[in-house]
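As a plain string of letters, each chain reads:
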Amino acid sequence: MKKLLLVILIITLPLITYFQYKNYRRFHPPVAYEYSISDKLDLSYHDYTLVEEYYSKSVEVGAFARAKWRNDDIDVRFPDENLEVEKNAAKYYNQMLSRLSWLEDVLEHSFELKEAGYSNEEIKHIESGIPADVSKWINEKPSFLGMVIGDRGQYVWRVQEKLIAKGYEHNLDGVFGLATQNATITFQIDNNLYPSGSIDELTFQKLFID
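A brief look at the structure comes next.

Conventions used here
- Residues numbered from 1 in each chain as written.
- Predicted model: local features only at pLDDT ≥ 70, side-chain atom pairs only at ≥ 80, totals over all residues.
- Heavy atoms only, no water.
- Helix = DSSP H or I, 4+ residues; strand = E, 2+ residues; numbered from the N terminus.
- Buried < 20%, exposed > 50% of the residue type's maximum accessible area, 1.4 Å probe, protein only.
- Contact = heavy atoms within 4.5 Å.
- Areas by Shrake-Rupley, 256 points an atom, 1.4 Å probe, with all protein chains shown as cover.
- Salt bridge = Lys/Arg side-chain N within 4 Å of Asp/Glu carboxyl O.

**Comments concerning the overall build of the protein**
Phase 1 of the analysis: What the protein contains, in helices and strands, is eight helices and zero strands.
Phase 2 of the analysis: Along the protein, helices and strands appear, N-terminal first, in the series α-α-α-α-α-α-α-α.
Phase 3 of the analysis: Taking all 210 residues of the protein together, the buried fraction comes to 31%.
Phase 4 of the analysis: Excluding contacts between residues fewer than 6 apart, the proportion of contacts in the protein whose partners are at least 24 apart in sequence is 49%.
Phase 5 of the analysis: By element, 56% of the accessible surface of the protein is carried by carbon and sulfur atoms, the whole surface being about 13,000 Å².

**Things to note about the environment of L193**
Phase 1 of the analysis: Checked against the element boundaries, L193 lands in the loop between α7 (178-190) and α8 (201-209).
Phase 2 of the analysis: Taking the C-alpha atoms as reference, L193 lies 9.3 Å from K206; in sequence the two are 13 residues apart.
Phase 3 of the analysis: Residues in contact with L193, not counting those within four places in the same chain, are Q188, L202, T203 and K206.

**Quick look at the pattern of salt bridges**
Opposite charge on two side chains makes pairing possible when the charged atoms of those side chains draw close.
Phase 1 of the analysis: Applying the stated criterion to the full structure yields 10 salt bridges.
Phase 2 of the analysis: In this structure, the salt-bridge partner of E34 is R66, at a minimum N-O distance of 2.9 Å. Residue E34 is found in the loop between α1 (2-26) and α2 (48-72), and its partner R66 is found in helix α2; the two are separated by 32 residues along the sequence.
Phase 3 of the analysis: A relative accessible area of 22% places R66 in the partly exposed class.
Phase 4 of the analysis: Linked through salt bridges whose partners overlap, the residues forming this network are E53, K57 and R99.

Below, the structure written as structure tokens:
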């Protein structure tokens, strides 16, 4: 009888050990699948849906990887290339990671631009391919349009700086006087624009953007 019990024990012990290991392994994945969230994100990004998507996907990607490990014994980082189900799971996991990486790049870049003093509107321009310095001019364009002789201030100063930088020498004093008007007219003639002597849309475009 003792021999029989010993035989049974020898047979069943490895099975018990194996199933205990399987159960332990099921709830202890090889790595922590949680996505590490960046601490340099623009949380007031001009398209807040991207912020929401980033946080949602950062949770989803870890939950998906853990579920595949626990339910299907699949490590999505190292799929068996001979098993289609594992390849598909890994493909979906990597697609989520790729989207997360793109969202993170966008929000981190916007964070850096905000730190440099850019507004959401300016960041929109930059993201559309407009250089950062030009974006600021576009955002402030209403302050330049309609500028005529007699105007003064920081925006007149900027017009004078641009004219001088393009070779139209005159006083740099923040006053849109006769010299600035003449320089503007000469600039307009040289660029085939109507020589109004004031800052209109086309003159602004040529002076600040082109």
